[in-house]
Amino acid sequence: MHKKRIASVTLLATAALLAACGQNKEASSSKQVMKTAVTGEISTLDSSKYGDTVSSETLQNSMEGLYRFDKKGQAKLAGAVKVTKSKDQKVYTFTLRKNAKWSNGDPVTAQDYVTAWRRTVDPKNDSLDSDSYQVIKNGTDIVAGKKKVSSLGIKALGKYKLQITLENPIQYLPDLLTGAQFYPQDTKIVKKYGSSYGTSSSKLVYNGPFTVSQWTGSNLKWTLKKNKTYWNAKSVSLSAVKVQVIKTTSTGLNLYKGGQLDYAPVDADYVKQYEKNADYHTKTTPTNGYMVFNLKRKTTGNVHVRRAISLGVNKQELVKTVLHSGKAAQGFVASDFIYDENGKDYRTSAGKLMTYNLKQSQKEWALAKKQLGESKITIELLTSDMDASKRVGEYLQSNLMKNLPGLTVKLRSIPLKSRLADTTKHNFDMVYGTWQPSFQDPIDYLTIGGLFNLESDYKNSTFWKEINQAKSTYATQPAKRQASLIAAEKQLIQKDAFAAPLYQAGVSYLLKSKVTGFRLSPYGTVAYYWDVKIK
């Protein structure tokens, strides 16, 4: 009887201990949940079709390519364990990681990279990032419909052996391949879902630190969950990241103060209010704020109209009175970001292009009105409907109408997904947007850079000659290569005003002190969660 009682007590104690352990584990797991906000919705999780920062951020936290940025912002092998280069530096052979798996258990194979890359360059998919493939053999011709998709410079040499062939040698390939547009896609899943691949979080699988759940394709909340099949899952501390779209900054800040968010973006109107707060962080990024013009329309097809508008925006005032962070653009390529072999900033060498010059702007405007035979001109400015975008749009509207007599600017603000679609379809006069680079080289700004419809619309032979020389003839001659890139930028931005650089963006945010290991991309505002731990 006595022994039975002892056994009963032991069982009760063991049960209590197990319950406590379970509670501690649950408490520990719930502690490692980060609550965060983004300013826009996901447009797609198809890495062949995305074109916005929020989709990119979601993909970069849930997918992995051949390389990934480390804690110091350096591109390191991730989905691959080894790489060799040919003597001419055009052919790269990657040995893939055999323990890398998709979230459904499928192995990540060389064919998955071939599948994804071919989808991205296929003209029928209208990829917004296909221009990134100009460096890959036949990439440009495939996007232009001149060569077969199968001729792209990528081959599966075996299940875990991948060969990539470049058009010309480049030094920035590791940085470039960290981008979401170069991620693999599970071939089996792509075939299963076809055109609906990536249109919701359940219509794809993931090979990165997190999986995505609860995104239906249009809703404003989703969750990043720790991916248990990720090859380096043991390094990921967070069990989940709960994300919600907060288009109004004040709402996000109220949620942050109420403890419902651990991270909240701070836009221009609130910088002064929070800049002395211990949770406040800020930095200038290489992200561009800019406008692109529709060359196919009569008004914005006129070079004097474009020059007048490019020169007629008071960029310093925009930064000071509207943005409160970042700095006025001095050209399309960012400053303090790209340096030559002597350590000199590219922007210093290239000089200041299309900075605010009211007198010259009004001269160009007079020429524009004369050529168009109009004394009054109406131009529509397209922006997304996010708070920050609308605010910049309103400043551009009022500033240009003040500075250019006879100009009426009509503002049209629509959801980001619609704005991207209208831009691709040429349904705009001029469009405002922001764009963050994918790698540290001027070629990224000058041939991709958010320059919508550049390949199809901009036919200046001088520009393309300089770009092609930088890519090929001078690929291994840094000084001559830079001279060509500077000449190309001057032609594109100063002479032809294809786009109007406005500002180099600053990023400001509040972050709870309990959050450690949080980082932003070296190139802009994309948040990285895979090293985050909550104290």
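Quick caveat: nothing in here was measured; it's all calculated off a predicted structure.

A short note on the environment of Ala80
Tracing the backbone through its elements, the reader meets Ala80 in strand E4 (residues 80–85). Along the backbone, Ala80 and Phe94 are 14 residues apart, and their C-alpha atoms lie at a distance of 6.2 Å.

Here's the deal with the confidence of the model for the protein
Considering every residue of the protein, the mean pLDDT works out to 92; 95% of them sit at 70 or more. When the criterion is pLDDT under 50, residues 1–27 qualifies, and its contacts beyond four places in sequence or with other chains add up to zero contacts.

Comments concerning helix H9 (residues 303–312)
Most of H9 is tucked away, with eight of its 10 residues classed as buried. Turning to H9, its buried residues are His304, Val305, Arg306, Ala308, Ile309, Ser310, Leu311 and Gly312. Measuring from the backbone nitrogen of His304 back to the side-chain oxygen at the start of H9 gives 2.8 Å, which picks out Asn302 as the cap.

Points about unusual backbone geometry
The residue His324 is not glycine, and still its phi comes out positive at about 60 degrees. Mapped onto the fold, His324 is located in the loop between helix H10 (315–323) and strand E13 (327–328). Phi angles above zero are rare outside glycine, and Ala497 is one such case at about 45 degrees. Inspection of the secondary structure puts Ala497 in the loop between helix H18 (478–495) and strand E17 (499–511).

Focus: the sheet that holds strand E6 (residues 154–158)
In space, the four strands of this open sheet follow the order E4-E5-E7-E6, with antiparallel pairing throughout. Strands with a single pairing partner mark the edges of an open sheet, and in this sheet they are E4 and E6. When strand polarity is set aside, the average angle formed by the axes of neighbouring strands in this sheet is 25 degrees. Pairing analysis gives four bridges linking E6 to strand E7 (residues 161–165), with the strands arranged antiparallel. Bridge assignment links Gly158 to a residue of E7, and that residue is Lys161. Packing against the sheet, helix H3 (residues 110–121) makes contact with strand E5 (91–96), E6 and E7, and its axis sits at approximately 165 degrees to E6.

Digging into the packing of helix H17 (residues 461–471) against H18
Describing two packed helices takes the angle between their axes plus the distance from one axis to the other. It is the contact of H17 with H18, at a shortest axis distance of 8 Å, that shows an interaxial angle of 155 degrees. It follows from the interaxial angle that H17 and H18 lie roughly antiparallel. The way H17 lies across H18 gives a crossing that is left-handed. Residues Thr462, Phe463, Glu466, Ile467, Gln469 and Ala470 of H17 form the contact with H18, whose participating residues are Arg481, Ser484, Leu485, Ala487, Ala488, Gln491 and Leu492. Split by residue class, the contact of H17 with H18 holds seven nonpolar, four polar and two charged.

Let's talk about the pairing of strand E10 (residues 240–245)
Across the six residues of E10, five count as buried, placing the element largely inside the fold. Of the strand pairs in this sheet, strand E1 (residues 33–38) and E10 are connected by six bridges, and their pairing is parallel. If you follow Val38 over to E10, its bridge partner there is Val245. Pairing analysis gives five bridges linking strand E9 (residues 221–226) to E10, with the strands arranged antiparallel. Within E10, the position partnered with Lys221 by the bridge is Gln244.

Points about the side chain of Ser389
Its place among the elements puts Ser389 in helix H13 (residues 387–403). A residue is classified by how much of its surface remains accessible, and Ser389, at 12% relative accessible area, is buried. The residues contacting Ser389, other than those within four sequence positions of it, are Thr383, Ser384 and Tyr432.

Structural notes on the nonpolar core
Counting 115 residues, the largest nonpolar core has Trp117, Phe518 and Tyr529 as its most contacted members. If one sorts the elements of this core by residue count, H3 sits on top with six residues. With near-sequence residues (within four places) excluded, Tyr529 lies in contact with Met34, Thr36, Glu57, Asn61, Phe210, Leu224, Leu238, Val241, Tyr263 and Phe518. Ranked by size, the runner-up nonpolar core spans 29 residues in total, among them Leu323, Ile377, Ile379 and Leu404.

Focus on the environment of Thr355
Along the chain, Thr355 turns up in the loop between helix H11 (346–350) and helix H12 (358–372). Thr355 sits in the partly exposed class, given a relative accessible area of 29%. Separated by 230 residues in the primary sequence, Thr355 and Asn125 place their C-alpha atoms 37 Å from one another. The contact partners of Thr355, leaving out residues within four places of it in the chain, are Leu311, Lys315, Ala329 and Gln330.

Notes on the packing of aromatic side chains
Taken as a whole and judged by the stated rule, the model has 20 aromatic pairs. Aromatic pair Trp435 and Tyr445: ring centres 5.5 Å apart, planes at 70 degrees, arrangement edge-to-face. Pair noted here: Trp435 is in strand E16 (residues 430–435) and Tyr445 is in helix H15 (residues 442–447), with a separation of 10 residues, a long-range link. Ring geometry for Tyr528 and Trp530: centres 4.4 Å apart, planes at 25 degrees, overall stacked. When its relative accessible area of 7% is taken as the criterion, Trp530 is described as buried. In textbook terms, an aromatic cluster arises when at least three aromatic residues are bridged by ring pairs, as seen for Phe69, Phe337, Trp435, Tyr445 and Tyr523.

Definitions and cut-offs
- Residues numbered from 1 in each chain as written.
- Predicted model: local features only at pLDDT ≥ 70, side-chain atom pairs only at ≥ 80, totals over all residues.
- Heavy atoms only, no water.
- Helix = DSSP H or I, 4+ residues; strand = E, 2+ residues; numbered from the N terminus.
- pLDDT = per-residue confidence, 0-100.
- Contact = heavy atoms within 4.5 Å.
- Buried < 20%, exposed > 50% of the residue type's maximum accessible area, 1.4 Å probe, protein only.
- Polar contact = N/O pair within 3.5 Å; in protein donor to acceptor, adjacent residues only side chain to side chain.
- Pairing = 2+ DSSP bridges.
- Axes fitted to C-alpha atoms, helices over the stretch in contact; angles between N-to-C directions.
- Parallel < 35°, antiparallel > 145°, perpendicular 65-115°, else oblique.
- Left-handed = near helix turned anticlockwise from the far one by under 90°.
- Nonpolar A, V, L, I, M, F, W, Y, C, P; charged D, E, K, R; others polar.
- Core = buried A, V, L, I, M, F, W, Y, C linked by side-chain atoms within 4.5 Å.
- Phe/Tyr/Trp six-rings, centres within 6.5 Å; stacked < 30°, edge-to-face > 60°.

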